Amino acid sequence: NLRGLERPAPAIMERGKQTMCVIVTAVPGAMPEPEDILAMSEANPDGGGVSWWDGERLRVFKNVDPLKVVGFIYSHWDSLKRAPCLIHFRFATHGAVEPRNCHPFHTDRGYVAHNGIAHDYTVGPHASDSRNMVDAWIDSGYDNTVFKGQGLVALITPHGCLKWLEGEPIEYSHGVWVSNMYWNV
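Computed from a predicted model, the values in this text were never measured in an experiment.

## Details of the overall build of the chain
Within the chain one finds 4 helices and 12 strands. Within the chain, the proportion of its 185 residues that are buried is 51%. Within the chain, contacts between residues separated by at least 24 positions form 66% of all contacts whose residues are at least 6 apart in sequence.

Next comes the structure, spelled out in structure tokens:
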């Protein structure tokens with residue numbers, strides 16, 4: 001692992017599977033199984049985060065150590081399971097493994113997470129294509145066409161509404177949607 005260093009763009013296949021981040025959205029009363037959350041973090045070792053609606057406001061916890069995110073989720077399991085949640089584990093393709101590159105990213109529309117490579121945004125003010133894309137979304141006045149063809153994008157709004165803004169997520173279990181299954185080995 002190249003913690004703290006920029007990693008070159010990965011080959012399409014690594015260890016026999018495609019590499020990329022994973023996004024999870026879970027409605028109140030639903031969560032991935034604990035072992036699935038751990039598997040997601042192990043396959044995406046470059047940070048993570050969770051944002052949830054606590055009934056009054058959005059909350060967020062992010063860390064460059066995905067096991068700290070897993071620990072946070074496990075230690076707050078009951079309250080997170082009762083809330084709408086947006087979870088992200090990162091596989092760094094552009095940008096260093098550092099706190100500012102951990103998803104989900106804060107915007108006036110809520111917290112947003114990206115899965116994939118935002119090819120239209122690999123060059124910009126940030127080394128992270130995802131951060132460049134989110135900045136472009138904000139600068140456009142939140143025009144969702146910014147995301148077209150850039151991977152999967154999910155949002156949790158300031159009042160806890162979960163939305164997939166781009167891409168086709170997979171229903172993993174009742175009320176739980178994921179951006180991909182590459183973590184499930």
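## A short note on the sheet that holds strand β4 (residues 48-53)
Strand order in the open sheet made by the 6 strands is β5-β4-β6-β3-β12-β11, with antiparallel pairing throughout. Looking at strand neighbours, the two that pair on one side only are β5 (58-63) and β11 (170-173), the edges of this open sheet. When strand polarity is set aside, the average angle formed by the axes of neighbouring strands in this sheet is 20°. Relative to strand β6 (residues 85-89), strand β3 (residues 22-26) is paired through 5 bridges, and the arrangement is antiparallel. Paired with Thr25 across the strands is Leu86, a residue of β6.

## Section: the sheet that holds strand β7 (residues 105-107)
Pairing within the open sheet is antiparallel, and its 4 strands lie in the order β7-β8-β9-β10. Edge strands, defined here as strands with exactly one partner in the open sheet, are β7 and β10 (162-166). Between one strand axis and the next, the sheet turns by 30° as a mean value, whatever way the strands run. Strand direction decides the pairing type here: strand β9 (residues 152-156) and β10, joined by 4 bridges, are antiparallel. Opposite Val153, over in β10, you have Glu166 as the bridge partner. Along the sheet face, helix α4 (residues 129-139) touches β7, β8 (110-115), β9 and β10 and points at about 10° away from the line of β7.

## A word on the environment of Phe61
Among the secondary structure elements, Phe61 is positioned in strand β5. For Phe61, a relative accessible area of 24% puts it in the partly exposed group. Between the alpha carbons of Phe61 and Val50 there is a distance of 5.4 Å; along the sequence they are 11 residues apart. The residues contacting Phe61, other than those within four sequence positions of it, are Gly48, Gly49, Val50, Trp52, Lys68, Val69 and Phe72.

## As for the side chain of Arg90
Residue placement: Arg90 occurs in the loop between β6 and β7. From its side chain, Arg90 meets the backbone oxygen of His94 in a polar contact 3.0 Å long.

## A closer look at the packing of aromatic side chains
This model, assessed by the stated rule, comprises 6 aromatic pairs. Ring centres of Phe61 and Phe72 lie 4.3 Å apart, and the angle between their planes is 0°; on these two criteria the pair is classed as stacked. Note that Phe61 is positioned in strand β5 and Phe72 in helix α2 (residues 66-75), a separation of 11 residues in sequence. When the ring of Trp137 is compared with that of Phe147, the centres are 5.1 Å apart and the planes differ by 45°; the resulting orientation is tilted. Residue Trp137 is found in helix α4, and its partner Phe147 is found in the loop between α4 and β9; the two are separated by 10 residues along the sequence. Across the pair, Phe147 and Trp137 agree in class, each one buried. An aromatic cluster of at least three residues, connected via ring pairs, comprises Trp52, Phe61 and Phe72.

## Some thoughts on the side chain of His103
Note on placement: His103 falls in the loop between β6 and β7. Note on His103: relative accessible area 1%, which makes it buried. At a separation of 3.4 Å, a polar atom in the side chain of His103 contacts the side chain of His88. Here the side chain of His103 touches His114 through a polar contact of 3.2 Å, landing on its backbone nitrogen. With near-sequence residues (within four places) excluded, His103 lies in contact with Gly48, Gly49, Lys62, His88, Arg90, Ala113, His114 and Ser130.

Criteria and thresholds
- Residue numbers here run from 1 along each chain, matching the order of that chain's written sequence.
- At least 70 in pLDDT is required for a residue's local features to be given in this predicted model, at least 80 for side-chain atom pairs to be given and counted, and no such filter applies to totals for whole chains, interfaces and linings, which use all residues.
- Side-chain metrics in this entry use all non-hydrogen atoms of the structure; hydrogen atoms and water are not considered.
- Each helix is a run of DSSP H or I of at least 4 residues and each strand a run of E of at least 2, with the numbering of both proceeding from the N terminus.
- Only protein chains enter the accessibility calculation, which uses a 1.4 Å probe; a residue whose area is less than 20% of its type maximum is buried, one above 50% is exposed, and one in between is partly exposed.
- Any pair of residues with heavy atoms lying within 4.5 Å of one another is described as a contacting pair.
- Being paired, for any two strands, means DSSP has found at least two bridges between them.
- Between N-to-C directions, angles cover 0 to 180 degrees, with each direction set by a line fitted to C-alpha atoms, over the stretch in contact for helices.
- For the purposes of these results, a polar contact is taken to be a pair of N or O atoms within 3.5 Å, where, inside protein, one atom must be able to donate a hydrogen and its partner to accept one; residues adjacent in sequence count only when each atom of the pair is a side-chain atom.
- Paired rings are identified among Phe, Tyr and Trp, the last through its six-membered ring, by centres lying within 6.5 Å, and are further divided according to the angle between planes into stacked (under 30 degrees), edge-to-face (over 60) and tilted (the rest).

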